Amino acid sequence: MSSPAEFDGAARPDLWWRSAVVYQIYPRSFQDSNGDGIGDIPGITSRLDYLAELGVDVLWLSPVYSSPQVDNGYDISDYHDVDPLFGTLADLDELIAQAHTRGIKVVMDLVVNHTSDQHPWFVESRQPGSAKRDWYFWRPARPGHEPGTPGAEPDDSQAAFAPSTWTYDPRSGEYYLGIFSSAQPDLNWEMPEVRHAVYAMMRWWVDRGVDGFRMDVINLISKPPAFISGEPLDPGSAGLGQIANGPRLDEFLAEMNREVGLDVQNLLTVGEMPGATIEVARRVTDPARRELNMVFTFEHVSLDQVDWNKWHLADLPLPRLKQNLAHWQDGLAQAGWNSLYYDNHDQPRAVSRFGDDSAEHRVNSAKTLATVLHLHKGTPYVYQGEEFGMTNAPLTQIEHYLDVESLNYATQAAAAGVPEEQILRSLARKARDHARTPVQWDQSPHAGFTTGVPWMGVNPNYRQINAEAARRDPDSVFGHFQRLIRLRHTDEVVREGHFVLLLPEHDQLWTFTRSLGDRVLLVIANCSSTPAELPPGALPNLDQAMLLLGTHPDSAGGTLAPWESRVLRLAAD
Ligand code: TEU
Ligand code: CA
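On a predicted model such as this, the values are computed, not experimentally measured, just so you know.

A.B. asks: Now, about the sheet that holds strand β6 (residues 138-139): what can you tell me, with residues and values included?
C.D. replies: Pairing within the open sheet is antiparallel, and its 3 strands lie in the order β6-β9-β8. A strand with exactly one partner marks an edge of an open sheet, and here the two such strands are β6 and β8 (166-169).

A.B. asks: Account for the sheet that holds strand β22 (residues 546-550), with residues named and values stated.
C.D. replies: In sheet architecture, strand pairing relies on hydrogen bonds along the backbone and comes in two forms, parallel and antiparallel. An order of β18-β19-β20-β24-β22 is seen for the 5 strands of this open sheet, with the pairing classed as antiparallel. Among the strands making up the open sheet, the edge pair consists of β18 (498-502) and β22. Direction aside, the axes of adjacent strands within the sheet are offset by 20° on average. Judged from the 4 bridges that link them, β22 and strand β24 (residues 565-569) form a sheet pairing that is antiparallel. From the neighbouring strand, Leu547 faces β24, where its bridge partner is Leu568. The sheet contacts of helix α12 (residues 362-374) involve β19 (509-516), β20 (519-526) and β24, and relative to β20 the element is tilted by about 150°.

A.B. asks: Before we move on, can you summarise the site of ligand 1 with the specific residues and values?
C.D. replies: Taken together, 18 residues sit near ligand 1, with Asp71, Asp216, Lys310, His345 and Asp346 positioned nearest. Taking Asp216, its side chain carries an N or O atom lying 2.7 Å from an oxygen atom of ligand 1. In the model, an oxygen atom of ligand 1 is placed 2.4 Å from a nitrogen or oxygen of the Lys310 side chain. When isolated, ligand 1 has an accessible area of 490 Å², and the protein chains bury 95% of it. Of the residues belonging to the shell around ligand 1, the class tally is 6 nonpolar, 3 polar and 9 charged.

A.B. asks: Can you break down the coordination of the calcium ion (ligand 2) residue by residue, with the values?
C.D. replies: Coordination of the calcium ion (ligand 2) by the protein comes from Asp32 (OD), Asn34 (OD1), Asp36 (OD), Ile38 (O) and Asp40 (OD), over a distance range of 2.2 to 2.3 Å. Of note, the calcium ion (ligand 2) draws all its donor residues from one chain, in the sequence arrangement D-x1-N-x1-D-x1-I-x1-D. Looking at Asp40, the relative accessible area reads 2%, which means it is buried.

A.B. asks: Before we move on, can you summarise the packing of aromatic side chains with the specific residues and values?
C.D. replies: Under the criterion given, the structure shown has 27 aromatic pairs. Both rings, one in Tyr65 and one in Tyr79, keep their centres 6.3 Å apart while their planes meet at 70°; by these two values the pair is edge-to-face. Taken together, the residues span a long stretch of sequence, with Tyr65 in strand β3 (residues 65-66) and Tyr79 in strand β4 (residues 78-82) at a distance of 14 residues. Exposure class is identical for Tyr65 and Tyr79. Each is buried. A ring pair is formed by Trp121 and Trp135, whose centres lie 5.1 Å apart and whose planes are at 65°; its orientation type is edge-to-face. Remark: Trp135 occurs in the loop between α4 (120-125) and β6 and Trp121 occurs in helix α4; sequence separation between them is 14 residues. Accessibility expressed as a relative area gives 16% for Trp121, which makes it buried. Its relative accessible area of 8% is what places Trp135 among the buried residues. Chaining the aromatic ring pairs together yields one cluster made of Tyr65, Tyr79, Trp121, Trp135, Trp204 and Trp205.

A.B. asks: Give a detailed account of the side chain of Ser406, specifying residues and quantitative values.
C.D. replies: Among the secondary structure elements, Ser406 is positioned in helix α13 (residues 404-415). When near neighbours in sequence (up to four residues on either side) are disregarded, Ser406 contacts Trp311, Tyr401, Leu427, Ala431, Arg432 and Asp433.

A.B. asks: Could you give me a rundown of unusual backbone geometry, with the residues and numbers involved?
C.D. replies: Its identity as a non-glycine residue notwithstanding, Val217 has a phi of 30°, on the positive side. Tracing the sequence through the fold places Val217 in the loop between β10 (212-215) and α6 (225-228). Classification of Val217 by relative accessible area gives buried; the value is 3%.

Calculation notes
- Residues numbered from 1 in each chain as written.
- Chains lettered and ligands numbered in written order.
- Predicted model: local features only at pLDDT ≥ 70, side-chain atom pairs only at ≥ 80, totals over all residues.
- Heavy atoms only, no water.
- Pairing = 2+ DSSP bridges.
- Helix = DSSP H or I, 4+ residues; strand = E, 2+ residues; numbered from the N terminus.
- Axes fitted to C-alpha atoms, helices over the stretch in contact; angles between N-to-C directions.
- Contact = heavy atoms within 4.5 Å.
- Near = heavy atom within 4 Å.
- Polar contact = N/O pair within 3.5 Å; in protein donor to acceptor, adjacent residues only side chain to side chain.
- Areas by Shrake-Rupley, 256 points an atom, 1.4 Å probe, with all protein chains shown as cover.
- Nonpolar A, V, L, I, M, F, W, Y, C, P; charged D, E, K, R; others polar.
- Donors = N, O, S within 2.8 Å, 3.2 Å for Na, K, Ca; no water.
- Buried < 20%, exposed > 50% of the residue type's maximum accessible area, 1.4 Å probe, protein only.
- Phe/Tyr/Trp six-rings, centres within 6.5 Å; stacked < 30°, edge-to-face > 60°.

As structure tokens, this is what we get:
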């Protein structure tokens with residue numbers, strides 16, 4: 001970190017994002033500043049020194065725009081304003097300015113596959129014959145059916161958070177498409193006016209000082225030609241299966257890049273792409289194509305389920321997880337760039353899911369999962385609370401769940417006769433609610449998140465697991481994240497080294513090398529709650545190897561303790 005004098009916090013040198021670590025904030029659950037029990041922007045600003053101490057380079061803010069909050073902000077009714085729940089535009093300007101003075105950049109969430117049904121664009125589009133009618137997708141009722149009656153929906157496609165993707169609008173007697181819910185009608189990107197309205201809005205935010213965009217379900221914006229020409233969608237879930245990765249996706253992303261100046265201004269761009277394949281990711285993140293810097297794949301967070309249904313639980317042997325990430329490392333090794341994440345506001349907590357959140361193993365499994373992820377090649381994302389090992393919450397009744405997706409699943413599953421205890425088992429493992437419990441700052445009431453009543457209960461384990469305790473203990477998960485981030489900032493091999501997975505079938509050890517010229521790093525991690533022997537002769541020669549980062553003091557022997565990991569620099573031949 002260079003001295004303040006010459007450092008212009010907002011500077012974005014070429015490819016800066018390839019050495020950055022991003023921290024995701026879910027504003028509703030991060031820090032409340034006015035006692036209404038809901039996190040807000042001044043609350044985030046008050047925690048900037050904590051984030052600077054952690055060492056992160058970028059803050060990704062989940063949506064803070066005006067919104068009816070049906071999907072907690074992923075349903076935007078005004079892209080040019082901040083929701084009063086979270087504060088004001090002036091508060092956001094202050095946050096951006098204060099972040100920049102600490103050398104931290106700010107990335108906004110761009111939600112433009114759909115708007116809120118309260119957005120003026122949609123309110124106008126509802127008027128039959130309005131100039132904005134085709135800004136959204138309207139269809140007549142199914143032939144032979146009375147509009148508005150059950151079964152009259154244009155087709156049997158299902159929404160992510162509701163039974164049908166189609167919502168009847170008595171005003172025009174027609175139906176509109178919402179892949180996620182009726183509160184989130186899909187924009188019609190075939191319309192140049194729609195695209196250019198979005199680009200103008202993005203330029204407006206860039207002029208306010210933001211350093212990039214995380215783009216929500218951006219691979220859903222190019223709908224299938226058959227659908228565009230009026231064909232019905234197939235039954236089943238619309239979004240992920242049928243609509244992802246449409247034929248004009250690259251054209252739209254390249255146009256956006258040009259019109260907003262994403263590359264010329266070195267703005268960080270990451271596209272959330274459920275259903276994206278390595279081929280799509282390699283194409284979209286190929287610098288020569290000037291589309292996006294990186295994408296969020298969903299493959300590694302969709303392995304502990306059956307088919308495309310996250311609620312149909314499946315065990316996840318370690319080889320499947322590590323081989324999937326290695327697959328993406330290899331796939332984007334020549335062109336493109338990976339994002340690296342386990343946690344976000346849509347996923348259950350990684351230490352509970354991929355690790356062991358028992359009192360005995362939580363700290364080491366949180367550290368070791370982070371070691372493995374951050375030593376892969378790509379840009380790491382840390383989700384609020386992950387940096388000190390927050391866990392899933394003990395939500396034991398349907399009423400404990402608040403998320404639109406969780407409640408939709410519980411309702412539909414119950415209607416389909418799924419026993420309540422099975423529904424509760426799936427929710428306990430996979431619900432997004434686990435990621436959304438308030439951040440546990442300290443041992444004070446409500447873990448220091450609010451002086452009021454939190455919108456969602458704080459995880460009762462906050463007395464043991466909180467940021468303040470972790471900051472005080474250099475051997476904590478927080479201390480480990482600081483060291484991982486420092487290693488990425490100081491070691492080029494961590495940033496640019498070629499990745500090779502070792503022992504792909506070993507069901508305890510996750511081990512791989514990163515090499516750049518004759519410099520080689522070796523990562524050895526025991527991702528199990530029982531000791532693991534290093535298979536003799538299976539790993540590079542460890543003599544003269546130097547330990548750069550380890551979770552356990554006596555980390556030289558041939559046996560790794562449960563959840564022990566070591567990052568070693570191998571002696572040059
Ligand atoms: O998520 C898209 C998405 O794919 C998720 O719905 C995901 O499949 C699911 O939640 C996994 O359980 C984005 C946002 O990240 C999410 O919060 C929004 O709800 C969604 O888009 C609609 O905007
Ligand atoms: Ca508040």
